[in-house]
Amino acid sequence: MNCKQVIFEISSYLDGAMDSSIRTDLEQHLSRCQDCRLVVDTTRKTIQIFCNSEPVPLPDDVRERLHTALLKRIRRNVV
């Protein structure tokens, strides 16, 4: 397995939804490739942080600007 294949399979690997032979190949690659280990570890930590965080409400002015921008975009795509 190479670095590109690791990136392609990272979601399945982290979800635990990967064939065992592919998982073995990927883990062998990770044991030799510090860059890919860093990517996998950072992705895993990002997912954990995101899943354990609470949503932050948007300030009213930001919500209004976003709503206006989305309406403009929708209208442009409809015409």
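For the structure itself, consult the block above.
Bear in mind that the values here come from a model prediction, so they are computed numbers and not experimental data.

Parameters at a glance
- Residues numbered from 1 in each chain as written.
- Predicted model: local features only at pLDDT ≥ 70, side-chain atom pairs only at ≥ 80, totals over all residues.
- Heavy atoms only, no water.
- Salt bridge = Lys/Arg side-chain N within 4 Å of Asp/Glu carboxyl O.
- Helix = DSSP H or I, 4+ residues; strand = E, 2+ residues; numbered from the N terminus.
- Buried < 20%, exposed > 50% of the residue type's maximum accessible area, 1.4 Å probe, protein only.
- Contact = heavy atoms within 4.5 Å.
- Axes fitted to C-alpha atoms, helices over the stretch in contact; angles between N-to-C directions.
- Parallel < 35°, antiparallel > 145°, perpendicular 65-115°, else oblique.
- Left-handed = near helix turned anticlockwise from the far one by under 90°.
- Nonpolar A, V, L, I, M, F, W, Y, C, P; charged D, E, K, R; others polar.
- Expected span 1.5 Å × (residues − 1).
- Arc of directions from axis to C-beta.

Examining the pattern of salt bridges
Line of reasoning, step 1. Counted according to the given criterion, the structure contains 3 salt bridges.
Line of reasoning, step 2. The shortest N-O distance in the salt bridge between arginine 23 and glutamate 27 comes to 3.3 Å. Remark: glutamate 27 and arginine 23 occur in helix H2 (residues 20-32); sequence separation between them is 4 residues, near one turn of the helix.
Line of reasoning, step 3. A salt bridge links arginine 65 to aspartate 61; its shortest N-O distance comes to 3.3 Å. With a gap of 4 residues between them, arginine 65 and aspartate 61 both fall in helix H4 (residues 60-78), about one helical turn apart.
Line of reasoning, step 4. Aspartate 61 gets classed as partly exposed once you look at its relative accessible area, which sits at 44%.

Some details on the side chain of histidine 29
Line of reasoning, step 1. Within the secondary structure, histidine 29 is located in helix H2.
Line of reasoning, step 2. Among the residues examined, histidine 29 registers a relative accessible area of 7% and is labelled buried.
Line of reasoning, step 3. With near-sequence residues (within four places) excluded, histidine 29 lies in contact with Met1, Asn2, Cys3, Val6 and Cys36.

Some points on the packing of helix H1 (residues 3-15) against helix H3 (residues 34-51)
Line of reasoning, step 1. In the contact formed by H1 and H3, the axes pass within 11 Å of each other and the chain directions differ by 30°. When the axes of H1 and H3 are compared, the pair comes out roughly parallel. Where H1 crosses over H3, the two elements pack in a sense that is right-handed. Residue-level inspection shows Cys3, Val6, Ile7, Ile10, Tyr13 and Leu14 of H1 in contact with H3, the latter providing Cys36, Val39, Val40, Thr43, Arg44 and Ile47.
Line of reasoning, step 2. Here the contact of H1 with H3 is composed, by residue class, of 10 nonpolar, 1 polar and 1 charged.

Examining H2
Line of reasoning, step 1. With 13 residues, H2 should reach 18 Å at 1.5 Å per residue; the first-to-last C-alpha distance of 19 Å fits that figure.
Line of reasoning, step 2. Taken together, the buried positions of H2 are occupied by Leu26, His29 and Leu30. One side of H2 holds all its buried residues, which, seen down the axis, span an arc of 100°. Facing away from the buried surface of H2 by more than 90 degrees, the exposed residues are Ser20, Ser31 and Arg32.
Line of reasoning, step 3. Against H1 and H3 lie the buried residues of H2.

Observations regarding the environment of proline 59
Line of reasoning, step 1. Tracing the chain through its elements places proline 59 in the loop between H3 and H4.
Line of reasoning, step 2. Sequence separation of proline 59 and cysteine 36 is 23 residues, and the distance between their C-alpha atoms is 38 Å.

Side note on the environment of isoleucine 49
Line of reasoning, step 1. Considering the arrangement of structural elements, one finds isoleucine 49 in helix H3.
Line of reasoning, step 2. Take isoleucine 49: its relative accessible area is 62%, and that puts it in the exposed class.
Line of reasoning, step 3. Measuring from C-alpha to C-alpha, the distance between isoleucine 49 and isoleucine 7 comes to 20 Å, with 42 residues separating the pair along the chain.

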